[in-house]
Number of protein chains: 2
Amino acid sequence: MTLTELKYIVAVAQKKHFGQAAQACFVSQPTLSIAIKKLEEELDIKLFERSSKNEIRITDIGQQVIEQAQKVLRETQVINEISQQGKDPLSGTFRLGAIYTIGPYLLPNLIPRINESAPNLTLIIEEDFTANLSTKLKQGELDAIIISYPYDEAGIETAPLYEEPFVVALHSRHEWLQKEQISVNELVGQDLMLLGAGHCFRDQVIQACPQCMESNNELTRTLEGSSLETIRHMVAAGTGITVLPCTSMMHSQQNHDLISIKSFANPQPSRTVALAWRKHYPRKEAIQQIIDNIQQCQLPGTQSIR
Amino acid sequence: MTLTELKYIVAVAQKKHFGQAAQACFVSQPTLSIAIKKLEEELDIKLFERSSKNEIRITDIGQQVIEQAQKVLRETQVINEISQQGKDPLSGTFRLGAIYTIGPYLLPNLIPRINESAPNLTLIIEEDFTANLSTKLKQGELDAIIISYPYDEAGIETAPLYEEPFVVALHSRHEWLQKEQISVNELVGQDLMLLGAGHCFRDQVIQACPQCMESNNELTRTLEGSSLETIRHMVAAGTGITVLPCTSMMHSQQNHDLISIKSFANPQPSRTVALAWRKHYPRKEAIQQIIDNIQQCQLPGTQSIR
DNA sequence: TTTATTCAATAGATAAAACCGATTGATAAA
DNA sequence: TTTATCAATCGGTTTTATCTATTGAATAAA
């Protein structure tokens, strides 16, 4: 049984004439006759009562088959409609993940841009650690994730978005208040508060200043499972100092008197924020749209990468 | 788009593996790959996200298409079920027509036989004049009709069922009461009551005794639109005599004292009752079943025709 | 009756497709 | 690097779909 055959029998049922039905199907009369004969043999029933001269008559069983055939053809048409509607890669649902240390600062800026530039695209946002995002990306639960380099996973492509310098946050009564810039090595011996394991930002800070871990293991351990916001409140409380990605400060209303921000002396430690997606993900246009929109965000303190 | 292609994508969606899906469809992997590629090109969307190694992923739009494809395939399967169920020619509906002068006497005997020998066959009965039955038969509103010869219509086949002699019905105080048999010519001059125009039986009686019309035009005209039953009541009332097909008397409980039945002297006038159907009607078995059942009826006074 | 006409079925030939086995290319794991 | 896996591609064959032309059946007209 083929869809063509079903089209033919429906046409014959409508025209009640093999020749006219063939014409309506843009085939020759023998083509249609043979196709219908083939279907009748396959189903082992007579669909039509042929009588030369007078019009074709549909058998009882043929009537049932033809009605069902019309149903099949209608349902088939729905497939075309679905694909037509879904053809726009900038439509449908896009599941975007972001790590905890980027999402809260980038997404409020990004989401309105995407809603404007791709109004048919429904965004679903998810924040998590890099490792979890990565798993979900590979499993297809997420379409793309915003992470930071280094990031190298099999079957995953990435594009750098912007370079984000690190800054030091300290209490406004801290001894470094008058300093213009902080050198990385100066962090050693300070009460440096870091995020818990799992946050890539923690690793990046440690990589920038490996010795800083020597003194403050205990303090950092108490912050396991914490967030940048919590740590910032602790800075304001005078518990210690911390290193933050610059975007976490710029947009914050809580950038109040109790906290002072210092940039690092060259070479400034920084991280590269990037977008990652499955290599074979089919909606490349959607990916590019996300990339473009993120780069248009131009968060203060960051440097675009083109 | 073809049903085969739809089968293929459903198989891939289930197996998440081109090779295994191909095996499940009993085709080679290249065959399946090419078919899916062709469908994706026709719909202009990607249904699957191929990644060598890991398993195949279904795109969002692909998921919708595949679900719809499954629906199409299910509906297609219904066509097979319909034909399977309807393959029995002794199932479904059979519309049987009969002329007024046969139906009431044959059908009460016939219908139980058919219900027993073809329990899946639903009979629909219709009584009318030969001309109307003939039209409905040709238009396909009836599947077969019971009429009497002569009957010759283009595209219609017939089979004789039985020979039905005519009899004379007269009041029990009629002068012919002592007669054994009546000769056709004796009818001339009698108050002979006939059915109205349209009833073929009327024509057959007239044909058997052309002269009998000379005397009783007026009486017969008043019976226009009447029935055999009415005429028989008039016989009982003593209004006149009539000629009846023998089956109309044999099974009647009203064959009471007031009416006496006389058979004709040889050559007995009679009519041949026959079944008629469209030459191309496909359920020949159903036709044969009807014929067989009618012949098994063996109505008293009739002679079977084999 | 014969002839003409209509319409679906059939015949013969060709173009299109479906399909297979073998191979390639890409990818990831050892 | 090598090996293994898997889908895509290649080249060739068979099957199917389709065409034109004709036949055959049946009716309608002459």
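Only a predicted model underlies this, so the values are computations on that prediction, with no experimental measurement involved.

**Quick look at the overall build of chain A**
Within chain A, the regular secondary structure consists of 11 helices and 12 strands. Relative to the compact-globule value of 19 Å for 306 residues, chain A shows a C-alpha radius of gyration of 32 Å, a clear excess of over 25%. Overall size of chain A, expressed as C-alpha extent along the three principal axes, is 110 × 35 × 30 Å. Burial statistics for chain A: of 306 residues in total, 51% are counted as buried. Carbon and sulfur atoms form 48% of the exposed surface of chain A, whose accessible area is close to 14300 Å². In chain A, 28 side chains carry a positive charge and 35 a negative one; their mean positions are 9 Å apart.

**Observations concerning helix α5 (residues 103–117) of chain B**
Residue and element names in this part refer to chain B. Along its 15 residues, α5 runs 20 Å from first to last C-alpha, staying within 8% of the 21 Å computed at 1.5 Å per residue. At Leu110, α5 is deflected by roughly 30°, the largest bend along its length, and proline Pro112 occurs up to four residues later in sequence. The complete set of buried residues in α5 reads Gly103, Tyr105, Leu106, Leu107, Asn109, Leu110 and Ile114.

**So, the protein's contact with DNA strand D**
What surrounds DNA strand D is a group of 21 residues, the closest being Ser28 and Thr31 of chain A together with Phe18, Gln29 and Arg50 of chain B. The share of sugar and phosphate among atoms of DNA strand D within 4 Å of the protein is 76%. At 2.8 Å, a side-chain N or O of Ser33 of chain B approaches a phosphate oxygen of DNA strand D. Listing elements by their share of the surface near DNA strand D, those giving two or more residues are α3 (29–43) of chain A together with α2 (18–24) and α3 (29–43) of chain B. The leading source of residues in the surface near DNA strand D is α3 of chain B, at 4 residues. Residues belonging to the surface near DNA strand D are distributed by class as follows: 8 nonpolar, 8 polar and 5 charged.

**Thoughts on the protein's contact with DNA strand C**
Residues in contact with DNA strand C amount to 22 residues; listed here are only the nearest, Gln29, Arg50 and Gly155 of chain A together with Ser28 and Thr31 of chain B. Close to the protein, within 4 Å, the atoms of DNA strand C are drawn from sugar and phosphate at a rate of 79%. Take Ser33 of chain A: an N or O atom from its side chain is 2.8 Å from a phosphate oxygen of DNA strand C. In this structure, Lys37 of chain A approaches DNA strand C through a side-chain N or O atom, which is 3.1 Å from a phosphate oxygen. Elements that contribute at least two residues to the surface near DNA strand C include exactly α2 (18–24) and α3 of chain A together with α3 of chain B. A total of 4 residues in the surface near DNA strand C trace back to one element, the largest contributor, which is α3 of chain A. Partitioned by chemical class, the residues of the surface near DNA strand C number 8 nonpolar, 8 polar and 6 charged.

**Concerning the environment of Cys200 of chain A**
Residue and element names in this part refer to chain A. Mapping Cys200 onto the fold places it in helix α7 (residues 200–208). Given the relative accessible area of 15%, Cys200 is considered buried. With 156 residues separating them in the primary sequence, Cys200 and Asp44 have C-alpha atoms 68 Å apart. With sequence-adjacent residues up to four places away left out, Cys200 is seen in contact with Ile99, Thr130, Ser148 and Arg271.

**What to know about the relation of the copies chain B and chain A**
In the superposition of chain B on chain A (RMSD 0.2 Å, axial shift 0.0 Å), the rotation amounts to 180°. This pairing of chains is accounted for by a two-fold axis. Residue Val72 of chain B of chain B places its C-alpha closer to the rotation axis than any other residue of that unit, at 2.8 Å.

**Side note on the pairing of strand β10 (residues 259–264) of chain B**
All names here are of chain B. Relative to β10, strand β6 (residues 156–171) is paired through 5 bridges, and the arrangement is antiparallel. Bridging from a neighbouring strand, Val167 pairs with Ser263 of β10. Pairing between strand β7 (residues 181–182) and β10: 2 bridges, direction parallel. Note that in β10 the partner of Ile182 across the bridge is Phe264.

**Regarding the side chain of Thr302 of chain B**
Note that Thr302 of chain B resides in the loop between α11 (284–297) and β12 (303–304). Setting aside anything within four residues of it in sequence, one finds Thr302 of chain B in contact with Tyr162, Glu163, Glu164, Pro165, Cys246 and Thr247 of chain B.

**Observations regarding the interface of chain B and chain A**
Between chain B and chain A, the contact holds 40 residues from the first and 40 residues from the second. For the pair chain B and chain A, the summed buried surface comes to about 3300 Å²; carbon and sulfur atoms form 63% of the total. Summed over the shared surface of chain B and chain A, the result is 8 salt bridges. Taking the shortest distance from any N to any O, the salt bridge between Asp60 of chain A and Arg95 of chain B comes out at 3.0 Å. Residue assignment for the side of chain B that touches chain A shows that the elements contributing at least two residues are α1 (3–15), α4 (60–86), β3 (92–99) and α6 (130–139) of chain B.

**Section: the pattern of salt bridges**
Residues and elements named next belong to chain A. All told, the structure shown has 30 salt bridges over all chains when counted by the stated rule. Of the charged contacts, one joins Asp143 and Arg283 as a salt bridge, the two residues approaching to 3.9 Å between their closest N and O atoms. With Asp143 in the loop between α6 (130–139) and β5 (144–148) and Arg283 in the loop between β11 (270–278) and α11 (284–297), this residue pair connects regions lying 140 residues apart in the sequence. The exposure classification of Asp143 matches that of Arg283, with both residues buried.

**Some thoughts on the domain arrangement of chain A**
All names here are of chain A. If you check the domain split of chain A, you get domain 1 (3–86), domain 2 (92–162 + 271–304) and domain 3 (163–264). Domain 2 and domain 3 are separated by 25 Å when their C-alpha centres are compared. For the domain 2 and domain 3 pair, buried surface summed over both sides reaches about 1600 Å², with 57% attributable to carbon and sulfur atoms. Counting every contact that joins domain 2 to domain 3 gives 1 salt bridge. Across the pair Glu164 and Arg271 runs a salt bridge whose closest N-O atoms are separated by 2.8 Å. Broken down by secondary-structure element, the contributors of at least two residues to the side of domain 2 that touches domain 3 are α5 (103–117) and β11. Among the elements that make up the side of domain 2 that touches domain 3, the one with the highest residue count is β11 (3 residues). Partitioned by chemical class, the residues of the side of domain 2 that touches domain 3 number 9 nonpolar, 8 polar and 1 charged.

**A word on the environment of Gln211 of chain A**
All names here are of chain A. By secondary structure assignment, the location of Gln211 is in the loop between α7 and α8 (217–222). For Gln211, a relative accessible area of 33% translates into the label partly exposed. As for Gln211 and Pro104, which are separated by 107 residues in sequence, their C-alpha atoms are 29 Å apart. When neighbours within four sequence positions are excluded, Gln211 is seen to be in contact with Asn185 and Val188.

Criteria and cut-off values
- Every chain's residues receive numbers from 1 upward, in the order its sequence appears when written.
- Written order determines the labels here, with chains lettered from A and ligands numbered from 1.
- In view of the model being predicted, local features appear only for residues whose pLDDT reaches at least 70, and side-chain atom pairs are presented and counted only at 80 or more, with totals across whole chains, interfaces and linings using the full set of residues.
- Side-chain metrics in this entry use all non-hydrogen atoms of the structure; hydrogen atoms and water are not considered.
- A helix here means a DSSP run of H or I that spans at least four residues, while a strand means a run of E at least two residues long, and both kinds are numbered starting from the N terminus.
- The globule rule used here is 2.2 Å times the number of residues to the 0.38 power, and the radius of gyration it is set against is calculated over C-alpha atoms.
- Partly exposed residues are those whose accessible area sits between 20% and 50% of the maximum for their type, while under 20% is buried and over 50% is exposed, using a 1.4 Å probe and protein chains only.
- The Shrake-Rupley method, run with a 1.4 Å probe sphere, supplies the accessible areas, and residue values consider only the shown protein chains as cover.
- Only four residue types enter the tally: Lys and Arg on the positive side, Asp and Glu on the negative side, with His and both chain ends excluded.
- The location of each charge is read from NZ of Lys, CZ of Arg, CG of Asp or CD of Glu.
- The span expected for a helix works out to 1.5 Å for each residue beyond the first.
- We define the bend at each residue as the angle formed by axes fitted to the 7 residues ending at it and the 7 residues starting at it.
- Residues are classed as near a molecule or strand on a simple rule: at least one heavy atom within 4 Å of it.
- The definition of a polar contact used here is a pair of N or O atoms within 3.5 Å, where within protein one atom must be able to donate a hydrogen and the other to accept one, and adjacent residues in sequence count solely through side-chain atom pairs.
- All amino acids are sorted into three groups, where Ala, Val, Leu, Ile, Met, Phe, Trp, Tyr, Cys and Pro are nonpolar, Asp, Glu, Lys and Arg are charged, and the leftover types, Gly among them, are polar.
- In what follows, residue pairs with any heavy atoms lying within 4.5 Å of each other are defined as contacts.
- Alignment of the copies relies on least squares applied to C-alpha atoms, considering only residues that score at least 70 for pLDDT in both.
- When DSSP finds at least two bridges between two strands, those strands are taken to pair.
- Here the quantity called buried area is the total loss of accessible area, with a 1.4 Å probe, experienced by two parts when brought into contact, counted for both.
- Salt bridges are identified by distance alone: a Lys or Arg side-chain nitrogen within 4 Å of an Asp or Glu carboxyl oxygen.
- Boundaries between domains were set according to an automatic or database domain assignment.

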